[in-house]
Amino acid sequence: MGDWSLIGVRFALYVTLAALFGLAAFSLYGLRARERGDALALRPWFIASAGLSLLFSGAWVVLMASSMAGTPAWPIDREAVGALLTGSAIGAAWKLRMVMVALAALAALVAGGRGIWLSIVALCSAVALATLAWTGHGAMDEAVMGWVHLIVDILHLIASGAWVGALLGLLLLVSRPAARVDAAHLGLTHRALHGFGAIGTVVVGTILVTGLVNGWMLVGIGNLATLPATLYGQLLIAKLALFVAMLGLASLNRFRLTPAFERSIAADDHKGALGALRTSLAIETSCVIAVLGLIAWLGTLAPPASAM
């Protein structure tokens, strides 16, 4: 039961921190300054994501300490928690995360649509998201290889967070109630969809490259043949299948649905095209959530390369 609790908290941290960073980044590159306050309710999303991130980080450190000490999660083993926070890189990363999330929350309170404060939210939440690399396999190696693995893991997390946040922002834009959808909103929604194309190419490229490097470090070429026979391998294959589905949906959005949406705006008949985009983005978001769940689970299992 302890493992499932830890997996659940890890998953919640991935979701909340990715949403906090990704939505802040999306609001900076996807929307113009005068649009940010009206197009998206940024402050409630930021505050909720930051608050939940702090809550789940607190739960994580208790569960992790009890798992390492072999004691029940409740009552809290204060000695085990103290040892984790003061005697390990994991503890230092946790402290940095808490500080960065708190700073992001403070900046979000005054951010509104102002670029400087949104940049602070994005920067602080990016650092907080990066600290999750110390809670998984990114910190398993030592010396030069350890730093390479850690940097690759951080880049993978940041790129994944950018994708999650963009999906959240786009889904919020296309899901606005019909009574509040006017020509200006349709225009900025199309521009945001089209604008994510260039950013999305960089994001996907980063995920692919860092994913391949991670796979080489965690699995190893010699273990590919036996991968489907292990739980780790089965979860990894499921994750890759979902990622391919996400790429297909992203391509559909970019090359078919977004151009169709632009034509529908010109013809003043956008409901069908907007509904198709809403459905596609919802499915893609569901795939992302499933992928994050698999990542949270994989992080608790020993990768094949660790047995070599």
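Here is what the cut-offs are and how they apply
- Sequence order as written defines residue numbering, which begins from 1 separately in each chain.
- In keeping with the predicted nature of the model, local features appear solely for residues at pLDDT of at least 70, side-chain atom pairs appear and are counted solely at 80 or more, and the whole-chain, interface and lining totals rest on all residues.
- Side-chain measures here rest on the full set of heavy atoms in the structure, leaving out hydrogens and waters.
- Here a strand is any run of E in DSSP of at least two residues, a helix any run of H or I of at least four, and the numbering for each starts at the N terminus.
- Both definitions apply: the radius of gyration is a C-alpha atom measure, and the globule rule equals 2.2 Å times residues to the power 0.38.
- A contact between two residues is defined here by any heavy atoms of the two lying within 4.5 Å.
- Areas reported as accessible are Shrake-Rupley estimates using a 1.4 Å probe. Residue values count occlusion only from the protein chains shown.
- In this tally Asp and Glu are treated as negative and Lys and Arg as positive; neither His nor the chain ends contributes.
- Note that the charge is assigned to NZ on lysines, CZ on arginines, CG on aspartates and CD on glutamates.
- Fitted lines through C-alpha atoms give the axes, limited to the stretch in contact for helices. The angle between two N-to-C directions lies from 0 to 180 degrees.
- Should an angle fall under 35 degrees it is called roughly parallel, over 145 degrees roughly antiparallel, and 65 to 115 degrees roughly perpendicular, with every other angle called oblique.
- Handedness of each helix crossing follows the sense of rotation of the near helix against the far helix: counterclockwise by less than a right angle gives left-handed, clockwise gives right-handed.
- Throughout this entry, Asp, Glu, Lys and Arg are counted as charged residues, while Ala, Val, Leu, Ile, Met, Phe, Trp, Tyr, Cys and Pro are counted as nonpolar. The remaining residues, Gly among them, count as polar.
- Known as pLDDT, the predictor's per-residue confidence is scaled from 0 to 100.
- A pair of aromatic rings is counted whenever rings of Phe, Tyr or Trp (Trp by its six-membered ring) have centres within 6.5 Å, and the orientation is called stacked for planes under 30 degrees apart, edge-to-face for over 60 and tilted otherwise.
- Classification of residues uses two cut-offs on accessible area relative to the type maximum, computed with a 1.4 Å probe and protein chains only: under 20% is buried, over 50% is exposed, and between them is partly exposed.
- Each ring is checked for a lysine NZ or an arginine CZ that lies within 6 Å of its centre and within 35 degrees of its normal; such an atom marks a charge sitting over the ring.
- Exposure above 30% relative accessible area and the lack of any salt bridge qualify a residue for a patch; like charges then connect within 9 Å, and the nonpolar side chains Val, Leu, Ile, Met, Phe, Trp and Tyr within 5 Å.
- Each salt bridge in this description consists of a side-chain nitrogen of Lys or Arg and a carboxyl oxygen of Asp or Glu lying within 4 Å of one another.
- The length a helix should cover is 1.5 Å for every residue beyond the first.

## Regarding the overall build of the protein chain
Then, in step 1: A tally of regular secondary structure across the protein chain gives ten helices and zero strands.
Then, in step 2: Start at the N end of the protein chain and walk to the C end: the helices and strands fall as α-α-α-α-α-α-α-α-α-α.
Then, in step 3: For the protein chain, whose C-alpha radius of gyration is 20 Å, the value lies close to the compact-globule estimate of 19 Å for 308 residues.
Then, in step 4: Dimensions of the protein chain along its principal axes, counting C-alpha atoms only, are 65 × 45 × 35 Å.
Then, in step 5: Residue pairs in contact within the protein chain that sit at least 24 positions apart in sequence constitute 76% of those at least 6 positions apart.
Then, in step 6: For the protein chain, the accessible area works out to roughly 14500 Å², and carbon and sulfur atoms hold 71% of it.
Then, in step 7: Separation of charge centres in the protein chain, based on 18 positive and 13 negative side chains, amounts to 8 Å.

## A short note on the packing of helix α5 (residues 89-111) against helix α6 (residues 115-130)
Then, in step 1: Orientation of α5 relative to α6, taken along the N-to-C sense of each, is 160 degrees, at an axis distance of 8 Å. The orientation of α5 relative to α6 falls into the category roughly antiparallel. Between α5 and α6 the crossing geometry is left-handed. Across the interface between the two elements, Leu-96, Arg-97, Met-100, Val-101, Leu-103, Ala-104, Ala-107, Ala-108, Val-110 and Ala-111 from α5 touch Trp-117, Leu-118, Ile-120, Val-121, Cys-124, Ser-125, Val-127 and Ala-128 from α6.
Then, in step 2: When the residues that make up the contact of α5 with α6 are grouped by side-chain class, the tally is 16 nonpolar, one polar and one charged.

## Considering unusual backbone geometry
Then, in step 1: Phi angles above zero are rare outside glycine, and Asp-268 is one such case at about 60 degrees.
Then, in step 2: Checked against the element boundaries, Asp-268 lands in the loop between α9 (231-266) and α10 (271-298).

## Considering the confidence of the model for the protein chain
Low-pLDDT portions of the prediction should not be read for the details of their coordinates.
Then, in step 1: In this model, the protein chain carries an average pLDDT of 87, and 94% of its residues clear a pLDDT of 70 or more.
Then, in step 2: α6 holds the highest mean pLDDT among the elements of the protein chain, 94, whereas helix α2 (residues 36-39) holds the lowest, 72.

## A short note on the packing of aromatic side chains
Then, in step 1: A complete count under the given rule lists three aromatic pairs for this structure.
Then, in step 2: Centroid distance Phe-26 to Tyr-29: 5.8 Å. Interplanar angle 85 degrees. Geometry classified as edge-to-face. Pair noted here: Phe-26 and Tyr-29 are both in helix α1 (residues 2-30), with a separation of three residues, about one helical turn.
Then, in step 3: Accessibility expressed as a relative area gives 32% for Tyr-29, which makes it partly exposed.
Then, in step 4: Directly above the aromatic system of Trp-60 lies the positively charged group of Arg-97, at a separation of 5.6 Å from the ring centroid.

## Focus on a nonpolar patch on the surface
Then, in step 1: A contiguous nonpolar surface patch, about 750 Å² in accessible area, is contributed by Ile-47, Val-99, Leu-103, Leu-106, Leu-109, Val-110, Ile-116, Trp-117 and Ile-120.
Then, in step 2: Only α5 and α6 provide two or more residues apiece to the nonpolar patch.
Then, in step 3: Here Trp-117 shows up in helix α6.
Then, in step 4: Owing to a relative accessible area of 32%, Trp-117 belongs among the partly exposed residues under this scheme.

## Quick word on α5
Then, in step 1: With 23 residues, α5 extends 32 Å between its outermost C-alpha atoms, agreeing within 8% with the 33 Å of an ideal straight helix rising 1.5 Å per residue.
Then, in step 2: Among the residues of α5, those classed as buried are Ile-90, Gly-91, Ala-93, Trp-94, Arg-97, Met-100, Val-101, Ala-104, Ala-105, Ala-107, Ala-108 and Ala-111.

## Side note on the side chain of Ser-125
Then, in step 1: As for its placement among the helices and strands, Ser-125 is situated in helix α6.
Then, in step 2: Not counting residues within four places of it along the chain, the set of residues in contact with Ser-125 comprises Leu-20, Phe-21 and Ala-104.

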